[in-house]
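# Remarks on the overall topology
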Amino acid sequence: MDLILTAFVEMAQPFRMLMLVTGVFVGLVVGVVPGIGGLFAMALLIPMTYNMDAYAAFALLLGMGSVNTTSDTIPAILFGVPGSVGAAATVLDGHAMAKKGEAARAFGASYSASMIGGVFGALVLAAAIPVMRPLVLYLKTPDFFAICAFGLSIVAMLAGSQPLKGLAAAMFGMLASFVGIDKIAGIDRWTFGQIYLWDGLPVALVFLGLFGLPELASLLLRGSIQGNAERPTYAGMWQGIRDTLREWPLVLRCSSIGSLLGAVPGVGIAVLDWIAYGYAARRPGSGPKFGEGNVRGVIAPESANNAKEGGSLIPTIAFGVPGSASMSILLGAFVVHGLVPGPDMLGKNAALTMSMVFSIAVANIVGAVTCLVLTRPLARVAQVSAAILVPLVVTFIVVGAYQTNMSAFDFALVIGVGAVGMAMKELNWPRSAFSLGFVLGPSLENYFFLAYQISGWSWLAQPLVLILLGLAVVGVIRQTLSWIRARNPGGPLPPALPDIAAGTAMTLLALAALVTAATGFPFEAAIFPIITAGLLLAFSLVTTVRTTLRWRRRGMPSASAPDMAPGEWSPASEPTMRGNLAIIGLCLALALLILLVGHLAATFIFVAGSIMVLGAKSWRPPLVIAAAATAFVYSVFDMLASQPWPTPWLAGIGRIF
Amino acid sequence: MLAMIFRVSRGPLLLVAGLVLAMCAQAQAVEFQTITIKVGYGPGGGYDQTSRLIARHLGRFLPGHPDIVVQNVPGGGSLKLTKMVLGSEPADGSVIASVSEAMSYAPVLDPQNANFDPLALQWIGSLVNEPAYCMTSKGSGIDTMDKFLQSDFLVGATGKSSVTYIFAALVKNGLKAKFKIVTGFDGTADIELAMQRGEIAGMCGVSSYNTSGSRDALNLIGTFGSGPAVGGEKLERFSDKIEDIKVREAATLIETTLQFHHPLVVPPGTPKETVEALRKGYMEMVKDPAFLADIGKLSEMAVNATSGEDISRLVSQQLKVGPDVFETARNLVK
């Protein structure tokens, strides 16, 4: 009790509170803008804390880190573009709600869930203080593997109406995650001689392309976010908050998932987000199906991803082992302030640890309230014409992507993944299953080999491992049984011919991966890719054969009646090729402009130009919007996150002559 | 026709001439505008933190007092950045790179991936020159050199190209030690935690400042590289125990890099005056009380700088040994 009081008094100082609030606002901006993650912002803020006292420093850093998972839902719900990797799961139902005119409700639900989750995570951290060290020491490497395997079994929940495709998508995701230099044998896998690929495909870029670009294509076709749905009302926000309160058991369970998994090193926010979503998908409750705008699909990931901040501090404070990537940067702040993670943080410096709990809790409350206040204007964005929104969102996706590595490969990757995402969306290959496979692949492989090197196979007999693996198997069996029972779900199926083509392409890809892995990689580096590629081969081959049979039986492509709304697990019902091509064209144009004239001039030319092309009545509004967009890009990517941009080609040519 | 081309191109020609003149003038009095320090690792690690600190201070010691910004270019344990420095980065002093000291012999150990000439790099200076250790947890019961070499236990390492692996392999292969090396940990903190959990017993190639928090829970077994151990403890040097002369020579070759931990480099074509200005500024910075105070906050790392000239000399010595020693070194750290 004394401890809490001391921490409270220490934090009550005006400067420290000011730093906390500053951190929160920086964190909100960082969360909204795709491409800049909390990780990068943390690295930028650390040097500013050198001259502060430790309380103020951690208030600033944790304030920033706690809330970017609150505001990253704004672009996720409005545009289907995840503001950070932690918002990808929110896209599915949150954006579907916005399309139905329920943006305000989705915001209300997501902010309140974020707030409760965040405070819950802080309380878990506080409760863990006395037992932190034994707790972290109790979990051994095999347990980490079992946790990841259990996480992967959630894929079964995400597989949707064509389960084989869902499983294939998950394997495809895992296969994609193996690109890069492997950690065990140290050889490069499928990098094609490109240094760019050594560290694997960047998660942030993959999610931006996979979710953001396909949603933009359908936005362009609809004309505005909510199309013809009714006007959003401010009351929707309160309804969303009531939804969260009504679903309190779900909120608490997903907050627990977030804070507990947050404490496991290697299980990042991208993973626990999908696990919470899949968990909620098991019991959809009343309302629309998952993926078509079920509010539980917003509440679950949002409560989990805010709860992780508290959880991932546990191993960081107790042992100096970062529970997440941004925690490894926070660790730098520990040393700067002469703090040694370990027993001291729970004894001599316990008041400071308590102040971190306080910072996380307050930051989550301030962040959520700020976002709630902004809901009314934001929900109106749902009615703005797509001709204005699409160029702006494309700009943020493309500039944000370029910011990751400042390489032309960034463009190629985000656009390429975007094209894959469009095909997956249209042909009912669930992108959610792909994502879970993609984020879990490396941890599964790495923990497996660590466990194997440390104790051979004997770790399989450890109690926690047995329980977790058992749960995973039971879950998968139950789901399989329910698939067999509902043999012909009768949902709409995508057009057969493109589906056969995609299935065949996937089968060939799997075969190529299988052969190259089996012949080119040493055993340790080959085994996981071989298993994954083998499963992918089997799943996609069976799907392709079944689609072919269906096509031949009917004699013609089956464009079955769209009796349900298009969503994550039902194919698109309108012709979308035109929208897809338009979005890819816009991205390519902007990418080229950025390479030619630099990101600022490119933003101006692109926004003004494409708004005019997409249909503006006069020339003035496009120029004003373009100028505002350029100013915003400048303030975020050059002032807030100041960094050296590569010289544009034209400037390079100018310099030579 | 020819005259026309000549007339048209006269404008640009004059411009080029002007630029060349301007560049010569600049070369005489080096003045820095803005400098970017690129770090070959992701945010948060030792290389990133020290680079951000250097960015705060180095500008004060350079002509023109440039602003210095930091950018992370992670990939392949800084191999990616090293290749960029040798290939595409501007050679005008506007980009400095913070890469692993192991880059000086990467082509020797991994000729396939690291196909470059380390001598082409221009070294600016390095922060730390101190030995590395093998250490075990107190709970493991392995507390002497003999037990370390004779017992059957596990040593943790990160990737195969990391110092934690290279130095463990050096002991294992050079001294026929019986331990096994477990690879795949995330960093030294992760290895240490596994030691505390009792899953593995030790780690190698680690500097003392990496483990400042848990010194009492660790046994220091032996050292790599020259120089006294921390706290004046009497420890044996592993390479001294290697009997085969050629193997010992190979081990010493690998140890050389410990003398220039956390180095900075600039691209090959950087003008001599610019390199000299950077080297001079660097050596002034490492004596500056404000810089040392900041580094002191960062960790208990003792700054013991090596000048760029010295590093270049060490690297060329390192690469002068015969190809058979390279071959031995390759096998030693396999």
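Residues numbered from 1 in each chain as written. Chains lettered and ligands numbered in written order. Predicted model: local features only at pLDDT ≥ 70, side-chain atom pairs only at ≥ 80, totals over all residues.

### Examining the overall build of chain A
The following threshold applies: Secondary structure elements are taken from DSSP: a helix is a run of H or I of four residues or more, a strand is a run of E of two residues or more, and numbering for both begins at the N terminus. For the radius of gyration, the atoms used are the C-alpha atoms, and the globule rule reads 2.2 Å times the number of residues raised to 0.38. Any residue surrounded by 20 or more other C-beta atoms within 10 Å of its C-beta is treated as buried, while 12 or fewer makes it exposed and the intermediate range makes it partly exposed; C-beta atoms here are placed from the backbone.
The secondary structure content of chain A amounts to 30 helices and 2 strands. For chain A, whose C-alpha radius of gyration is 24 Å, the value lies close to the compact-globule estimate of 26 Å for 657 residues. Principal axes of the C-alpha set define a box for chain A whose edges measure 75 × 70 × 60 Å. Taking all 657 residues of chain A together, 60% fall into the buried category.

### What about the overall build of chain B?
Here is the rule we go by: Any two residues are considered in contact once their C-beta atoms, placed from the backbone, lie within 7 Å.
The secondary structure content of chain B amounts to 12 helices and 12 strands. Looking at the 334 residues of chain B, the share that counts as buried comes to 50%. Across chain B, every contact between residues at least 6 apart in sequence was considered, and the portion connecting residues at least 24 apart equals 77%.

### Structural notes on the packing of helix 16 (residues 296-319) of chain A against helix 19 (residues 350-373) of chain A
All names here are of chain A. How we decide: Between the N-to-C directions of two axes lies an angle of 0 to 180 degrees, each axis being a line fitted to C-alpha atoms and, for a helix, fitted only over the stretch in contact. For this classification, under 35 degrees means roughly parallel, over 145 means roughly antiparallel, 65 to 115 means roughly perpendicular, and everything else is oblique. Two helices that cross are described as forming a left-handed crossing if the nearer one is turned anticlockwise from the farther one by less than a right angle, and a right-handed crossing if clockwise. Note on residue classes: Ala, Val, Leu, Ile, Met, Phe, Trp, Tyr, Cys and Pro are nonpolar, Asp, Glu, Lys and Arg are charged, and everything else, Gly too, is polar.
Two elements in contact, helix 16 and helix 19, have axes whose closest approach is 10 Å; the angle formed by their N-to-C orientations is 165°. Here helix 16 lies roughly antiparallel to helix 19, going by the angle between them. For the pair helix 16 and helix 19, the crossing hand works out as right-handed. Contacts from N306, E309, G310, L313 and I317 of helix 16 reach helix 19 at T353, M356, I360 and N364. A class-by-class count of the residues in the contact of helix 16 with helix 19 yields 4 nonpolar, 4 polar and 1 charged.

### Quick notes on the sheet that holds strand 7 (residues 180-182) of chain B
Residues and elements named next belong to chain B. Short version of the rule: By definition, two strands form a pair when at least two bridges between them are found by DSSP.
Read across the open sheet, the 6 strands follow the order 7-6-8-5-9-10; overall the sheet is mixed. Two strands lie at the open edges of the sheet, namely strand 7 and strand 10 (236-237), each paired on one side alone. Pairing of strand 5 (residues 132-137) with strand 9 (residues 218-224) involves 6 bridges; the strand directions are antiparallel. Bridge pairing in strand 9 places C134 opposite G222. Across the sheet, helix 6 (residues 163-174) touches strand 5, strand 6 (154-156), strand 7, strand 8 (202-206) and strand 9, and the angle it forms with strand 8 is around 110°.

### Focus on the sheet that holds strand 12 (residues 306-307) of chain B
Residue and element names in this part refer to chain B. Ordered in space as 2-1-3-11-4-12, the 6 strands form an open sheet in which the pairing is mixed. Two strands bound the open sheet, and with one partner strand each, they are strand 2 (67-72) and strand 12. Pairing geometry for strand 1 (residues 34-39) and strand 3 (residues 95-98), over 4 bridges, is parallel. Looking at the pairing, V39 lines up with S98 of strand 3. Of the strands in this sheet, strand 4 (122-128), strand 11 (261-266) and strand 12 are in contact with helix 11 (residues 308-318), which crosses strand 4 at around 105°.

### Concerning the confidence of the model for chain A
Inclusion rule: A score between 0 and 100, pLDDT records how confident the predictor is in each residue.
Here chain A shows a mean pLDDT of 86. Residues at 70 or above account for 93%. Here residues 556-564 of chain A is a poorly scored stretch, pLDDT under 50, and it has 16 contacts once near neighbours within four places are set aside; other chains count.

### Notes on the interface of chain A and chain B
Across the boundary between the two partners, chain A contributes 38 residues, which contact 37 residues of chain B. Counting only elements with at least two residues in the side of chain A that touches chain B, the list comes to helix 3 (38-45), helix 17 (325-336) and helix 23 (431-455) of chain A. Top element by residues in the side of chain A that touches chain B is helix 17 of chain A. It accounts for 6 residues. When the residues that make up the side of chain A that touches chain B are grouped by side-chain class, the tally is 24 nonpolar, 11 polar and 3 charged.

### A look at the pairing of strand 9 of chain B
Residue and element names in this part refer to chain B. Burial analysis of strand 9 places 5 of its 7 residues in the buried class, the great majority of the element. Inspection of the sheet shows strand 9 paired to strand 10 by 2 bridges, in the parallel sense. Directly across from G222, in strand 10, lies its bridge partner E236.

### Considering the environment of V26 of chain A
All names here are of chain A. Checked against the element boundaries, V26 lands in helix 2 (residues 14-32). Along the backbone, V26 and L45 are 19 residues apart, and their C-alpha atoms lie at a distance of 9.8 Å. Setting aside residues no more than four positions away along its own chain, V26 makes contact with A41 and M64.

### With respect to helix 27 (residues 577-597) of chain A
Residues and elements named next belong to chain A. What counts is decided by this rule: To estimate the expected span of a helix, subtract one from its residue number and multiply by 1.5 Å. Along the arc lie the directions from the helix axis toward the C-beta atoms.
Helix length check: helix 27, at 21 residues, gives a terminal C-alpha distance of 30 Å against a target of 30 Å (1.5 Å per residue), a fit within 8%. If you check which residues of helix 27 are buried, you get G579, N580, I583, L586, C587, L590, A591, L593 and I594. For helix 27, the buried positions fall inside an angular range of 165° around the axis, keeping them on one side. Exposed residues on helix 27 whose side chains face more than 90 degrees from its buried face are M577, R578 and G585. Against helix 12 (203-222), helix 21 (386-405), helix 22 (408-426) and helix 28 (599-613) lie the buried residues of helix 27. Directly after helix 27, the chain includes G598, whose backbone phi takes a positive value near 95°.

### Quick word on the environment of T144 of chain B
Residue and element names in this part refer to chain B. Position of T144 among the secondary structure elements: in the loop between strand 5 and helix 5 (145-150). Given 14 C-beta atoms within a 10 Å radius, T144 is considered partly exposed. Separated by 77 residues in the primary sequence, T144 and I221 have C-alpha atoms spaced 6.1 Å apart.

### Some words on the domain arrangement of chain A
Residues and elements named next belong to chain A. Rules: Domain start and stop positions are those given by an automatic or database domain assignment.
Each domain of chain A was delimited in the assignment, giving domain 1 (2-79 + 89-495), domain 2 (496-558) and domain 3 (590-656). Taking only C-alpha atoms into account, the centre of domain 1 sits 30 Å from that of domain 3. Counting residues at the interface gives 20 residues for domain 1 and 22 residues for domain 3. Top element by residues in the side of domain 1 that touches domain 3 is helix 21. It accounts for 11 residues. Counted by class, the side of domain 1 that touches domain 3 contains 18 nonpolar, 2 polar and no charged residues.

### Let's talk about the packing of helix 4 (residues 54-71) of chain A against helix 19 of chain A
All names here are of chain A. Orientation of helix 4 relative to helix 19, taken along the N-to-C sense of each, is 40°, at an axis distance of 8 Å. Relative to helix 19, the element helix 4 is oriented oblique. Note on packing geometry: the crossing formed by helix 4 with helix 19 is right-handed. Judged by residue contacts, A54, Y55, F58, A59, L62, G63, S66, V67, T70 and S71 of helix 4 engage L352, S355, M356, S359, I360, A363, N364, G367, A368 and C371 from helix 19.

### Side note on unusual backbone geometry
The backbone of F192 of chain A sits at a positive phi, close to 50°, despite the residue not being glycine. With respect to the element layout, F192 of chain A can be found in the loop between strand 2 (188-189) and helix 12. Of note, the phi angle at K176 of chain B is positive, near 50°, even though the residue is not glycine. If you trace the backbone, K176 of chain B turns up in the loop between helix 6 and strand 7.

### With respect to the environment of S435 of chain A
Residues and elements named next belong to chain A. With respect to the secondary-structure elements, S435 resides in helix 23. S435 sits 259 residues away from A176 along the chain, and the two C-alpha atoms are 10.0 Å apart. If near-sequence neighbours (up to four positions away) are discounted, S435 is found in contact with A88, G173, F207 and W274.

### Quick word on the confidence of the model for chain B
Residues and elements named next belong to chain B. Here chain B shows a mean pLDDT of 84. Residues at 70 or above account for 87%. Confidence drops under a pLDDT of 50 for residues 1-16, and excluding neighbours within four residues, the segment shows 2 contacts in the predicted structure. Scored below 50 in pLDDT, residues 18-27 shows 3 contacts in the model against residues more than four places distant or in partner chains. Interface confidence for the predicted complex, given as ipTM, is 0.82, next to a pTM of 0.87.

### Quick notes on the pairing of strand 3 of chain B
All names here are of chain B. Of the two faces of strand 3, both are covered, the one formed by V95 and A97 as well as the one formed by I96 and S98. Of the strand pairs in this sheet, strand 3 and strand 11 are connected by 2 bridges, and their pairing is antiparallel. The residue bridging S98 from the neighbouring strand is L264, located in strand 11.

### Some remarks on helix 13 (residues 235-246) of chain A
All names here are of chain A. Here helix 13 spans 16 Å end to end across 12 residues, near enough to the 16 Å set by a 1.5 Å rise per residue. For helix 13, the complete set of buried residues consists of G236, M237, G240, D243 and T244. Around the axis of helix 13, the buried residues are gathered within 110° of arc, so they sit on the same side. The secondary structure elements touched by the buried residues of helix 13 are helix 7 (103-128), helix 14 (248-262), helix 16, helix 19 and helix 20 (375-380).

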